[in-house]
Amino acid sequence: MRAKAVSRRSIPVVVLPTARTRQVNEWNAWLAEKTLPDLARFNLATSVDGSSGYQLPGRWPPEGGSDKEQDCLSYFLSRLPASAHQEVAQAACLEAA
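As the structure is a computational prediction, the values presented were derived from the model and not from experiment.

Q: Please clarify how the environment of W60 should be interpreted in this entry.
A: Inspection of the secondary structure puts W60 in the loop between β3 (51-56) and α2 (67-77). On the accessibility criterion, W60 (39% relative accessible area) is partly exposed. Linking W60 and W27, residues 33 residues apart in sequence, is a C-alpha distance of 6.7 Å. For W60, the residues in contact, after removing those within four places along its chain, are R22, Q23, E26 and W27.

And the structure:
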């Protein structure tokens, strides 16, 4: 499934500590499935009470085909770093060719 923008709605955000490597790895795998860069490439880093983490739309990636999946795609697509926009567009063109 290719990443595509959807309508904007308010999406609750949680802070996932970077020490939760299993969850961070699950999110990175989900992002890779959607041809998006990994968490480190987004500007989602934060610090709460001295612990570093990522501001994410959930503690775990959503299930495929769910409403939550569309919300998560919107969340990440609206936060793509400028350099990633070009990479995603190039990947989409290559897939379409």
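Q: How should I be thinking about the packing of aromatic side chains in this particular structure?
A: Each aromatic ring pair is characterised by the separation of its centres together with the angle its planes make. Going through the model one piece at a time under the given rule, you end up with five aromatic pairs. Taking the centre distance of 6.0 Å and the plane angle of 50 degrees together, the rings of W30 and F76 count as tilted. Remark: F76 occurs in helix α2 and W30 occurs in helix α1 (residues 21-33); sequence separation between them is 46 residues. Between F42 and F76 the ring centres are 5.2 Å apart and the planes differ by 65 degrees, which places this aromatic pair in the edge-to-face class. You can see F42 sitting in the loop between α1 and β2 (45-48) and its partner F76 sitting in helix α2, a full 34 residues away along the chain. For the pair formed by F42 and F76, the shared burial category is buried. Pairwise contacts between aromatic rings join W27, W30, F42, Y75 and F76 into one cluster. Just above the ring of Y75 sits the side chain of R79; from NZ or CZ to the centre is 3.7 Å.

Criteria and cut-off values
Residues numbered from 1 in each chain as written. Predicted model: local features only at pLDDT ≥ 70, side-chain atom pairs only at ≥ 80, totals over all residues. Heavy atoms only, no water. Helix = DSSP H or I, 4+ residues; strand = E, 2+ residues; numbered from the N terminus. Buried < 20%, exposed > 50% of the residue type's maximum accessible area, 1.4 Å probe, protein only. Contact = heavy atoms within 4.5 Å. Phe/Tyr/Trp six-rings, centres within 6.5 Å; stacked < 30°, edge-to-face > 60°. Lys NZ or Arg CZ within 6 Å of the ring centre and 35° of its normal.

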